[in-house]
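# Analysis of the macromolecular model
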Amino acid sequence: EKSFGAFQHLYEGAYGSDVATGSADATSEIEAAAEEFEIDEGDEDDRGDLETLIREVNDPDPGDWSKRVEPFADLKQMTRMWAVEKYVGHWDGYSGGDGPLHPNNFYLLSDPAGRFSMLPWGTDQTWEDHLEFDGDAGILFNRCLADQSCAEMYLRSLRDLRSDLSGVELESLATQTAALLKPWEELEQDNGGRHGFGMSEIEDAVEAAEEFIETRPAELTAYLDASPDPEPAASVSVSLAPESILADGVSATTATVTVTDASGNPIPGDRVELSADDPGLTIGPVTDDDDGTYGATITSSTTA
C-alpha cells in the first residue's frame, strides 16, 4: 500500500504460472489457470479479477487485442518491465523464455478497478545471459508482440530504456561493488568452507558481468535498428468535451486528439502539441494514452 496505494490482490506467479488457457470460453480452464497463482494479499476466496484478465487475454476474437486487454492490464507498464528484463538477461522471469517452469518470478497486482500491473522478482540470474529482445515468453509478452500497437509500445519502451541508460554508469557501479565486496569474500575463504565460490570464480564472474554491461548497449541498438520504423502520422482529428464553455476564465473542456497512420491504425508515442488563436486560453500538458489518443485540458479565457 505504501508503494502502490489501494489494491485488490497481489498474486504470485512461479514455475509456469501464467494467464494462459486452452479456451477462453471454458470456465473450468480459466478457473484452473487462476488457481495456479498464490494469493499473497487480498481476498483468498475471490479470484474474479484474475479470471477476468485470463478471459480477455485468451479471447479468440481477431479484433484489436491490445485495445481489448488494456482496460484489464497496464500494457505500458508491463512493456517497460519486459524491456528491462530482456536487457539485464533475466531468463528466469516473465519474459525470459519458454519452458515447463516458465514464466517464473513475477507478481500480478490488481488495482480497485481490476486493472493489473506486473512486478518482477527473483532477479539473481541476471547480467549474464544475452537474451534476445523478442522470442517466446509468457502469453502476455507473446500476444503483445503479435499485436501491432502493443509491439510498437514495447519498441518504445526499449528506446526509452536505451535513452535512460545513457546517463547511468553501470560499469563503474559493477567495478565499485566488486571492490566493496572483495575483502569480505577473501575472509569467507578461510571461514570453515562456508564460501560458495573460490576467488578465481568470483573474479571471472565479475569480469563476465562487466563484459555484459559493456556489450549490451550495442546489442540493443542492433535490435532496434533492425526493427521496423514507426508508421508516420497520416491523420489527426480533435474533439472537445464539452464542445463549448463559458468565457469566464475558469470553465474547462477536454481536448482529445486521435492520431492514425495511412491504414487507420492508431499511433501512440508521437508528439502532439495544441495551440489556439486566443492567447488567453490556458492549455494544459498533453498526455499520451498509449492507444493513439492524446488528451489535454483547456481552460477558457474571458474573451467570447
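It should be noted that the structure appears before, not after, this text.
Reading the values: rules and limits
- Residues numbered from 1 in each chain as written.
- Predicted model: local features only at pLDDT ≥ 70, side-chain atom pairs only at ≥ 80, totals over all residues.
- Heavy atoms only, no water.
- Helix = DSSP H or I, 4+ residues; strand = E, 2+ residues; numbered from the N terminus.
- Buried < 20%, exposed > 50% of the residue type's maximum accessible area, 1.4 Å probe, protein only.
- Contact = heavy atoms within 4.5 Å.
- Areas by Shrake-Rupley, 256 points an atom, 1.4 Å probe, with all protein chains shown as cover.
- Lys, Arg positive; Asp, Glu negative; His and termini not counted.
- Charge placed at Lys NZ, Arg CZ, Asp CG, Glu CD.
- Phe/Tyr/Trp six-rings, centres within 6.5 Å; stacked < 30°, edge-to-face > 60°.
- Lys NZ or Arg CZ within 6 Å of the ring centre and 35° of its normal.
- Core = buried A, V, L, I, M, F, W, Y, C linked by side-chain atoms within 4.5 Å.
- 1 Å grid on protein atoms, 1.4 Å probe; cavity = no way out; pocket = protein on both sides within 12 Å on 5 of 7 lines; lining within 4 Å.
- Points joined across faces, edges and corners; volume = space filled by probe spheres on them.
- Nonpolar A, V, L, I, M, F, W, Y, C, P; charged D, E, K, R; others polar.

## A word on the overall build of the chain
Helix and strand counts for the chain stand at eight helices and nine strands. Dimensions along the principal axes, computed over C-alpha positions, put the chain at roughly 85 × 50 × 40 Å. The burial tally for the chain puts 39% of its 304 residues in the buried class. A separation threshold of at least 6 residues defines the contact pool for the chain, and within that pool the share at least 24 residues apart is 65%. Total accessible area computed for the chain in this model is approximately 16,700 Å², and 50% of it derives from carbon and sulfur atoms. Across the chain, the 17 positively charged side chains and the 65 negatively charged ones have centroids separated by 3 Å.

## With respect to the packing of aromatic side chains
A ring pair, where both rings are aromatic, is described by two values, the distance of the centres and the angle of the planes. Counting across every chain of the model gives 10 aromatic pairs. Consider the rings of W127 and F212, whose centres lie 5.8 Å apart with planes at 85°: the pair is edge-to-face. Taken together, the positions of W127 in the loop between β4 (116-120) and α5 (139-146) and F212 in helix α8 (residues 199-226) put the pair 85 residues apart, joining distant regions of the chain. F212 gets classed as buried once you look at its relative accessible area, which sits at 0%. The interplanar angle of 85° and the centroid separation of 5.3 Å between the aromatic rings of F141 and Y154 together place this pair among those described as edge-to-face. Linking F141 in helix α5 with Y154 in helix α6 (residues 148-165), this pair joins segments that are 13 residues apart in sequence. Here the two residues F141 and Y154 agree in accessibility, since each one is buried. Within the aromatic cluster, the residues linked to one another by ring pairs are Y11, F37, W82, Y94, F106, F116, F141 and Y154. The positively charged end of R216 is found above the aromatic ring belonging to Y87, 5.9 Å away from the centroid.

## Here's the deal with the nonpolar core
In this structure, V19, L50, W82, Y94 and L108 are the most contacted members of the largest nonpolar core, which totals 41 residues. In terms of residues, this core owes the most to one element, helix α4 (residues 75-88), which gives seven residues. Among the nonpolar cores identified, the runner-up in size contains five residues, and V257, I267, V272 and Y294 belong to it.

## Some points on the layout of surface pockets
As a volume, the largest pocket reaches approximately 400 Å³. Considering the residues around the largest pocket, the lining is formed by 16 residues, among which L181, I202, A205, V206 and A209 are closest to the centre. Those elements that place two or more of their residues in the lining of the largest pocket are α7 (170-189) and α8. Residues that form the lining of the largest pocket fall into these classes: 12 nonpolar, one polar and three charged. Empty space within the second largest pocket amounts to approximately 340 Å³. Lining the second largest pocket are 18 residues, with Q148, E152, D229, P230 and E231 positioned closest to its centre. In terms of residue class, the lining of the second largest pocket is made up of seven nonpolar, four polar and seven charged.

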